[in-house]
There are 2 protein chains.
Amino acid sequence: MVTKVEGLFGEGRDGRGIGDPYDPECPTRLILDRIGDRWTVLLVGALGGGKARFSELKRRVGGISQKMLTQTLRQMERDGLVTRTVYPEVPVRVEYELTGAGLSLRGPLKALEEWSIEHLSGVLADQKVYDGREAATR
Amino acid sequence: MVTKVEGLFGEGRDGRGIGDPYDPECPTRLILDRIGDRWTVLLVGALGGGKARFSELKRRVGGISQKMLTQTLRQMERDGLVTRTVYPEVPVRVEYELTGAGLSLRGPLKALEEWSIEHLSGVLADQKVYDGREAATR
DNA sequence: CTGTATCCTGAAGGATACTG
DNA sequence: CAGTATCCTTCAGGATACAG
């Protein structure tokens with residue numbers, strides 16, 4: 001039995017232990033499992049505009065393999081982030097669309113993206129400094 | 001040469017391609033690289049309360065190995081998210097502390113955590129439904 | 001106490017070929 | 001078109017032993 005995580009990022013930290021990331025009931029793990037891989041994040045972005053079909057998503061998300069596209073979409077469907085609609089035409093047409101939950105994820109992800117844009121140059125600069133010091137030490 | 005990503009999660013999606021996640025200059029990749037692994041996220045949480053030393057972090061973050069703790073902290077230091085201070089006592093004491101950039105990451109992460117807490121039960125329920133349908137199909 | 005250095009394994013994920 | 005099935009490689013990351 002593991003202690004539940006109520007707020008890793010609340011203000012009042014009191015040094016209490018942090019929830020086990022391997023506990024399936026841990027919300028932190030929940031996000032990490034969905035957001036952890038780049039593909040889910042990119043797909044939420046790619047689906048932000050509305051429905052899209054398989055091939056279109058493949059085109060939109062650069063570098064994704066067919067395997068990962070299918071796999072990630074299935075996962076998102078399972079999690080209730082996306083709906084999958086099959087139109088039995090010839091050839092088959094399949095459309096994906098964000099659910100309410102999927103759409104609601106865009107806000108937090110956007111916040112993260114904004115942080116990223118804001119700190120991109122800073123982080124890159126810090127890396128250079130750090131790497132420089134390391135090289136000098138060696 | 002790949003198109004830069006300005007806003008994967010902005011409102012007006014126009015179906016334009018999405019930035020290559022392998023481009024080091026892509027902000028989306030920046031977040032994903034830091035946030036992608038559970039440890040960085042958990043450490044930002046663990047360090048939210050202020051300075052903490054190595055062994056304390058190890059205790060706080062359940063399940064992290066010594067190797068990953070060191071490795072993740074080094075990465076965070078390199079990215080300018082954390083400072084590392086060595087006190088040459090016997091035995092050595094090392095304290096880690098979030099920088100401004102590190103602290104500023106807590107907001108977005110908190111938003112994500114809130115999403116997670118809010119949607120935990122829903123996602124879990126959807127998974128059950130999905131798995132049930134799959135089992136029936138098979 | 002705070003690491004570094006190796007070894008080793010599982011799992012992620014790309015490439016490719018085939019199907020309804 | 002939208003997948004599924006396989007093979008194969010890479011590599012993250014745990015376990016362990018040793019060091020300043």
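With an unreviewed UniProt entry as reference, chain A is termed DNA-binding HxlR family transcriptional regulator, source organism Arthrobacter stackebrandtii.

Asker: In this structure, what is going on with the protein's contact with DNA strand C? I would like to understand it.
Answerer: Taken together, 17 residues form the shell around DNA strand C, and within it Lys67 and Met68 of chain A together with Ser55, Arg84 and Tyr96 of chain B come nearest. Close to the protein, within 4 Å, the atoms of DNA strand C are drawn from sugar and phosphate at a rate of 62%. At a separation of 3.2 Å, a phosphate oxygen of DNA strand C approaches a polar side-chain atom of Arg74 of chain B. Of all the elements in the fold, those that place two or more residues in the surface near DNA strand C are α4 (66-78) of chain A together with α3 (54-60), α4 (66-78) and β3 (93-98) of chain B. Of the residues assigned to the surface near DNA strand C, the class counts are 8 nonpolar, 5 polar and 4 charged.

Asker: Could you clarify how one ought to interpret the interface of chain A and chain B in this entry?
Answerer: Interfaces are often described in size by the accessible area the parts lose on coming together. In this complex, chain A contributes 65 residues to the contact, which on the side of chain B involves 65 residues. For the pair chain A and chain B, the summed buried area comes to about 6,300 Å², and 65% of that belongs to carbon and sulfur atoms. The largest per-residue losses of area from chain A upon contact with chain B belong to Phe9, Arg78 and Trp115 of chain A, which jointly make up 14% of the total buried on that side. Between the two partners, chain A and chain B, sit 4 salt bridges.

Asker: Would you mind showing me how to read the protein's contact with DNA strand D here?
Answerer: Neighbouring residues of DNA strand D: 16 residues in total, closest Ser55, Gln66, Arg84 and Tyr96 of chain A together with Lys67 of chain B. In DNA strand D, the atoms that sit within 4 Å of the protein are 63% sugar and phosphate, with bases accounting for the remainder. The separation between a sugar or linking oxygen of DNA strand D and a polar main-chain atom of Val92 of chain A is 3.4 Å. Elements that contribute at least two residues to the surface near DNA strand D include exactly α3 (54-60), α4 and β3 (93-98) of chain A together with α4 of chain B. Here the residues of the surface near DNA strand D sort into 8 nonpolar, 4 polar and 4 charged.

Asker: Hey, could you run me through the nonpolar core in this one?
Answerer: For soluble globular proteins, nonpolar side chains are generally found buried alongside one another. Counting 62 residues, the largest nonpolar core has Leu57 of chain A together with Leu57 of chain B as the members making the most contacts within it. Sequence-distant contacts of Leu57 of chain A, defined by excluding residues within four places in its chain, comprise Leu43, Ala46, Leu47, Ala52, Leu69, Leu73 and Tyr96 of chain A.

Asker: Would you take a moment to explain the relation of the copies chain A and chain B for this structure?
Answerer: Turning one copy of the chain about an axis and sliding it along that axis gives the other copy, so a rotation and a shift relate them. Superposing chain A onto chain B takes a rotation of 180° plus a shift of 0.0 Å along the axis, which leaves an RMSD of 0.0 Å. Those values place the two copies in the arrangement expected of a two-fold rotation axis. Of every C-alpha in chain A, the one belonging to Gly36 of chain A sits nearest the axis of rotation, 2.1 Å from it. A symmetric contact is evident, with 98% of the interface residues of chain A recurring at the interface of chain B.

Conventions used here
- Residues numbered from 1 in each chain as written.
- Chains lettered and ligands numbered in written order.
- Predicted model: local features only at pLDDT ≥ 70, side-chain atom pairs only at ≥ 80, totals over all residues.
- Heavy atoms only, no water.
- Near = heavy atom within 4 Å.
- Polar contact = N/O pair within 3.5 Å; in protein donor to acceptor, adjacent residues only side chain to side chain.
- Helix = DSSP H or I, 4+ residues; strand = E, 2+ residues; numbered from the N terminus.
- Nonpolar A, V, L, I, M, F, W, Y, C, P; charged D, E, K, R; others polar.
- Contact = heavy atoms within 4.5 Å.
- Buried area = accessible area lost by both parts, 1.4 Å probe.
- Salt bridge = Lys/Arg side-chain N within 4 Å of Asp/Glu carboxyl O.
- Core = buried A, V, L, I, M, F, W, Y, C linked by side-chain atoms within 4.5 Å.
- Buried < 20%, exposed > 50% of the residue type's maximum accessible area, 1.4 Å probe, protein only.
- Least-squares fit on C-alpha atoms with pLDDT ≥ 70 in both.

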